[in-house]
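Commentary on secondary and tertiary structure
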Amino acid sequence: MALLRRRRGGGRFPAFRDRGGWHDLHSDDLNEALRRLSGTDVIAKDFRTWHATVLAAVVVAVAARGARAGEAARHRQTVRAVREVSHYRGDTPAVCRASCTDPRVFEQDVTIAPALARPGEHGDFGRPATQGAVEAAVLGLLDG
């Protein structure tokens, strides 16, 4: 199955085509496939939330490098991270902050800055640099 553009348009996106023709892909279909393949109760939103959380952790770490410590600096880092991640996702900052990122990224006294020295360290070409060491650092941050 490949995700393709329909020549004649119409229908929902995303859609897939197989020997039986075009089929609309609905979130319930995708979530059921994810559950079946993973053997867990994961849904597509979990992946979107995880990616937003990783991006937010990266922005906070980069912003914190040159910033002074303190409550005002932390607030500015949080606002910047939420704004950048919401722009990337196409959400409003309010939606991004409320439901798209793990709030613990903004509440910690430490960041994932040490992992940014080696982004994509163990990744293959074409693999996002936020995977590998950066994701591991975010997991460590969230686990406390």
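See the structure above.
Just so it is clear, the model here is predicted, and its values are computed rather than measured.

Across its full length, the protein holds six helices and three strands. Counting over 144 residues, the protein shows a buried share of 28%. Here the analysis covers contacts within the protein between residues at least 6 apart in sequence; of these, 49% occur between residues at least 24 apart. Summed over all atoms, the accessible surface of the protein reaches about 9,900 Å², with 54% contributed by carbon and sulfur.

With respect to the helices and strands, the residue Ser38 is situated in helix α1 (residues 27-38). Separated by 2.8 Å, the side chains of Ser38 and Thr40 make a polar contact.

Okay, the nonpolar core next. Of all hydrophobic cores here, the largest spans 22 residues; its most connected members are Val85, Val105, Phe106, Ile112, Leu116, Val134 and Val138. Contributions of two or more residues to this core are made by α2 (44-65), α3 (71-89), α4 (93-100), α5 (104-107) and α6 (133-143). It is α2 that contributes the most residues to this core, nine residues altogether. Ignoring any residue separated from it by four or fewer positions in sequence, one finds Val138 in contact with Trp50, Thr53, Val54, Ala57 and Ile112.

Following the sequence through the fold, Thr78 ends up in helix α3. By relative accessible area, which is 8% here, Thr78 ends up buried. Once residues within four sequence positions are removed from consideration, Thr78 is found in contact with Arg97 and Phe106.

What counts, and where the lines are drawn
- Residues numbered from 1 in each chain as written.
- Predicted model: local features only at pLDDT ≥ 70, side-chain atom pairs only at ≥ 80, totals over all residues.
- Heavy atoms only, no water.
- Helix = DSSP H or I, 4+ residues; strand = E, 2+ residues; numbered from the N terminus.
- Buried < 20%, exposed > 50% of the residue type's maximum accessible area, 1.4 Å probe, protein only.
- Contact = heavy atoms within 4.5 Å.
- Areas by Shrake-Rupley, 256 points an atom, 1.4 Å probe, with all protein chains shown as cover.
- Polar contact = N/O pair within 3.5 Å; in protein donor to acceptor, adjacent residues only side chain to side chain.
- Core = buried A, V, L, I, M, F, W, Y, C linked by side-chain atoms within 4.5 Å.

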